[in-house]
Amino acid sequence: MALKIASRFRRLLQRPGSIDLGPYERLTQLVGEAEESVVSLTDEELTEAVAELRTTGGLHEDEQIEFLALARDAGKRAIGERAFDGQVVGALAMLQGRVVEMATGEGKTLAGAIAAAGYAVGGRRVHVLAVNDYLAKRDAEWMGPVYELLGVTVSHVGQASTPEERREAYQAEVCYVPVSEIGFDVLRDRLVTDVADRVTVEPDVALVDEADSVLIDEARVPMVLAGATRNEALDDDVVQLVRTLRAGVDYEIDGDGRTVALTDRGTDKVEKALGEDVNLYDDEHLDTLTQINVALHAEVLLRKDVDYLVRDGKVSLINNNRGRIAKLQRWPDGLQAAVEAKEAVPVSDSGEVLDSITVQALIKQYKSLCGMTGTAVVVGESLQEFYDVEVAVVPPNKPNIRKDDQDRLYLTVDQKNDALVKHIGEVHETGRPILIGTHSVEESEQLSDKLAAAGIEHVVLNAKNDAEEAAIIAEAGVPGTVTVSTQMAGRGTDIRLGGKDETHDKDKAIELGGLYVVGTGLHASRRLDDQLRGRAGRQGDPGGSLFFASLADELVTRYSVSSGLRPHPDDTGRLTDRKSLGVLEHAQRVADGANAELHRTTWQYNRLTGQQRAILLETREKVLTEDLAADELAERAKERYDELVDEVGEDVVKAAARRIALRHLDRRWTDHLAYLADLREGIHLRSLAGGIVHLKPIDEFNKSAIASFDTLIEDAWKDAAETFADAEITSDGLNEESSGIPRPTATWTYLVNDNPFGTEADRILGRLRNAIKPESVSEAEEILPEEFDEDDLPEELRDADDSDDADLPEELRAAPDDADDADDADDADGADDADDAGKGSKK
């Protein structure tokens, strides 16, 4: 009870999980005093002084004070930046395992480098986990002179790094690496057949940049290692047939726009086109039905320039959190091939999943965790729940004087865009630099066309030209500049008034009010809105922000309610009544709850898998580094073993036994993962069959997963013994191909949304949304019926509450009766996203 009250009190203060900075501030004063004796040292003496502090047990408080004084002076000497007190406080907090919240432009990069160097001097090895290659390389090179002066080795890893470069980079005391790259390297190392092939080192300290994004937003996206199996090209006749189907007649899209399914009429049309005797739901036509479903999903739900780009003859997915090309991401279950067929580009090879790991499972391997970001407080409770870390909120070096205007809400998207362009034009006439944040490539290009038509000169930064990011960002703070960017919130860079070197009319930019941030729509999380706003008003600069939204925006139509909504806009379509604005707020609250529940559910489903993988890896490690395989096979096939030792020698037999055992352990694990994927996809059907309240899907999943894994290792040894009995083993070693245990001809890594097709339970639970009435709506002002004309509503919101819930289970029909229940139900709303990070349904 006490913990619950404390949690609510923190939430009331908007500081969930934040800690007292008093101890760090007192130590920072001592650092300032110690710095007086450091400034007189030569560079060589400074490096030697740091070397004298080196230990293997971590720096104690007195040693931390001395080190931070040396590091602060090293920053001033090496890159011309002396850490502010706030940066020293941030470094101290990270050295004690906290996630630090520091506003954009407050020097997180230097604070992180000082903390990383402090861990290294204390005998630890640090991975600074970045969100992308660009930031990993930039920060490692930028902070390189500081590390050099402190006598700490530093390196970085990127997508283009070779295995040898990776191996060398990970040996450095501090390595900057994208979180996906370290994850992929861990996956590859799990499948090596020779210790010398490993590239990573034992995980020790993880210092996470953009911590809220990596630890929360990316945590539900599994990293996958796949092995080549077959080409999944779709039948062209199927692709062409799907294009003839009509929305609302031959197929229906659910209200959330996530799933699409054939109607009875559509099924008849497809069967007739395929042949008179075809029944799509016969077992013999299962592959055809699957092709129809994925082709329909690709054609109807996945949008070019929103979900993916076509570039250089390839389909490239767009990372919605970053606004960049997700170079290693693809869709599973034939969907990638369906999109490639849709866009008439060569179909890539498919593969089977050899292993996978989530960001959360990866981070859990580290002994110590800390990080930094501009917006951690909002997810403070989630960071405590999932990672057991607390947030330290460091105040800005100079007060934030940015002016954030109230969101402007409009009835329709067209009215919103008209007002948006008009407002941008008015601000642009003053010469004030403007940054416009959009949600997709498509939206950025449509807005670009509108701005061009209005005679407003501008530059566009999106996934199509992300290579030019640094140059575009460098000029975004120059007076007269208008920059249109996709997902600016995920780019990890700050904008300086007057340009990169602050020499292009900085004073004029300040006089005009600083950078002006305009959002074309609210994000699913207010935290992402705050990240975008944070691009303005850095280090005490003036700035401003304003977000535009409409009742037809995807955020509202997907996550909020229309029950009782009677808007009365002004002549421009703008809505100012509390009821309409309450819908907007409610939509973000539900979306936040949905994403939190998705993270929680992903972790629940992957936790047992991770535990099972750890058990298997323990056996695999003994096979790889000891003689376990030889001992087991000698016991299970003694005559064969002795015979081979006489023929080719014991060392050759041991090596062959090791490779056979490793192959079968890996094969059994691959099959187990495939079983778990199928199990998870259908597990909700069991819960529905038993009554949704009585059977929990996760419990049913765990029960079946445990039963499947129970004999996995023993079965692998039996398989190994059978192979060993007939394997072709000569003095040259094991012939894997002729022995029937070839490894994949190629492997690759990628990111994949967790269960993109969703489940039947997701769709049923999704029907609850309109039964939930937000508190802000219930308290809104009364609007007379005659003031409302339903035709004024966007089409997406008309008749949204006329659905018949008769097919819902009894437990799901009743709406909450009071405000507290409504809040709880808001959290439950996340269930409709729990296993659904994509937009489709597989039948």
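In this text, all values refer to a predicted model and were calculated from it rather than measured experimentally. (Residues numbered from 1 in each chain as written. Predicted model: local features only at pLDDT ≥ 70, side-chain atom pairs only at ≥ 80, totals over all residues. Heavy atoms only, no water.)

Draft legend 1. Summary view of the overall build of the protein. Secondary structure assignment for the protein yields 31 helices and 25 strands. Taking all 843 residues of the protein together, the buried fraction comes to 54%. Relative to all contacts within the protein whose residues are 6 or more apart in sequence, the contacts with residues 24 or more apart total 78%. On the protein, roughly 36,400 Å² of surface is accessible, and the fraction owed to carbon and sulfur atoms is 46%. (Helix = DSSP H or I, 4+ residues; strand = E, 2+ residues; numbered from the N terminus. Buried < 20%, exposed > 50% of the residue type's maximum accessible area, 1.4 Å probe, protein only. Contact = heavy atoms within 4.5 Å. Areas by Shrake-Rupley, 256 points an atom, 1.4 Å probe, with all protein chains shown as cover.)

Draft legend 2. Just helix α28 (residues 712-726), in detail. A rise of 1.5 Å per residue sets the reference length of α28, with its 15 residues, at 21 Å; its end C-alpha atoms lie 22 Å apart and thus fit the reference within 8%. Listed in full, the buried residues belonging to α28 are Leu 712, Ile 713, Ala 716, Trp 717, Asp 719, Ala 720, Ala 721, Thr 723 and Phe 724. (Expected span 1.5 Å × (residues − 1).)

Draft legend 3. View of the packing of aromatic side chains. Taken as a whole and judged by the stated rule, the model has 5 aromatic pairs. Geometrically, the ring pair formed by Tyr 605 and Phe 701 is edge-to-face, given 4.9 Å between the ring centres and 75° between the ring planes. Residue Tyr 605 is located in helix α23 (residues 578-625), and its partner Phe 701 is located in helix α27 (residues 697-709); the two are separated by 96 residues in the primary sequence. Looking at Phe 701, the relative accessible area reads 3%, which means it is buried. A centroid spacing of 6.5 Å and a plane angle of 90° characterise the contact between Trp 669 and Phe 709, whose relative ring orientation is edge-to-face. Taken together, the residues span a long stretch of sequence, with Trp 669 in helix α26 (residues 650-689) and Phe 709 in helix α27 at a distance of 40 residues. We note that Trp 669, like Phe 709, is buried. (Phe/Tyr/Trp six-rings, centres within 6.5 Å; stacked < 30°, edge-to-face > 60°.)

Draft legend 4. Spotlight on the side chain of Asp 666. Inspection of the secondary structure assignment puts Asp 666 in helix α26. What makes Asp 666 buried here is its relative accessible area of 4%. Filtering out sequence-adjacent residues up to four positions away, Asp 666 remains in contact with Leu 191, Arg 620 and Arg 743.

Draft legend 5. Spatial organisation of the pattern of salt bridges. Applying the stated rule across the entire model yields 45 salt bridges. In this structure, the salt-bridge partner of Arg 72 is Asp 85, at a minimum N-O distance of 2.6 Å. You can see Arg 72 sitting in helix α4 (residues 61-79) and its partner Asp 85 sitting in helix α5 (residues 85-95), a full 13 residues away along the chain. With relative accessibility at 47%, the residue Asp 85 sits in the partly exposed group. Across the salt bridge formed by Arg 402 and Asp 404, the nearest N and O atoms sit 2.7 Å from each other. (Salt bridge = Lys/Arg side-chain N within 4 Å of Asp/Glu carboxyl O.)

Draft legend 6. Local environment of the confidence of the model for the protein. Confidence along the protein averages 82 in pLDDT terms, with 80% of residues attaining 70 or more. Ranking the helices and strands of the protein by mean pLDDT puts strand β3 (residues 154-156) first, with 98, and helix α30 (residues 775-778) last, with 38. Across residues 754-790 the pLDDT falls below 50, and counting only partners more than four positions away or on other chains, this stretch makes 105 contacts in the model. Ignoring residues within four places in sequence, the model shows residues 796-843, a span with pLDDT below 50, making 125 contacts including any to other chains. (pLDDT = per-residue confidence, 0-100.)

Draft legend 7. Main features of the environment of Glu 597. By the secondary structure assignment, Glu 597 is in helix α23. A distance of 2.9 Å separates a polar atom in the side chain of Glu 597 from a polar atom in the side chain of Arg 600. (Polar contact = N/O pair within 3.5 Å; in protein donor to acceptor, adjacent residues only side chain to side chain.)

Draft legend 8. Representation of the environment of Thr 430. On the secondary structure map, Thr 430 appears in the loop between α17 (413-429) and β17 (434-438). By relative accessible area, which is 46% here, Thr 430 ends up partly exposed. Within the local environment of Thr 430, its side chain forms a polar contact with the backbone nitrogen of Arg 432, the two atoms lying 3.4 Å apart.

Draft legend 9. Main features of the sheet that holds strand β13 (residues 368-373). Spatially, 7 strands are ordered β3-β4-β2-β5-β13-β1-β14 in an open sheet, and the strand pairing comes out parallel. Edge positions in the sheet fall to β3 and β14 (391-393), since each has one partner strand and no second. If you compare each strand with its neighbour and ignore which way they point, the axes differ by 20° on average. Bridge analysis of strand β1 (residues 99-101) against β14 gives 3 bridges, and the strand direction is parallel. Bridged to Val 99 within β14 is Val 391. Here helix α8 (residues 163-170) sits on the sheet and contacts β2 (126-130), β3 and β4 (174-178); the angle it forms with β4, its principal contact strand, is near 135°. (Pairing = 2+ DSSP bridges. Axes fitted to C-alpha atoms, helices over the stretch in contact; angles between N-to-C directions.)

Draft legend 10. Looking closely at the pairing of β4. Taken across its 5 residues, β4 has 5 buried, putting it largely inside the fold. The pairing of β2 with β4 spans 5 bridges and is parallel. Looking across to β4, one finds that Leu 129 is bridged to Val 177. In this sheet, β4 lies alongside β3 in parallel orientation, the contact comprising 3 bridges. Bridged to His 156 within β4 is Tyr 176. Taken together, β3, α8 and β4 form a β-α-β motif whose crossover is right-handed. (Right-handed = clockwise from strand over helix to strand, strands pointing away.)

Draft legend 11. Looking closely at unusual backbone geometry. Its identity is not glycine, yet Ala 344 carries a phi of approximately 55°, on the positive side. Phi at Gln 539 takes a positive value of approximately 45°, unusual for a residue other than glycine. One can find Gln 539 in the loop between α21 (526-533) and β21 (543-550). Relative accessible area serves as the criterion here: at 27%, Gln 539 is assigned to the partly exposed category.

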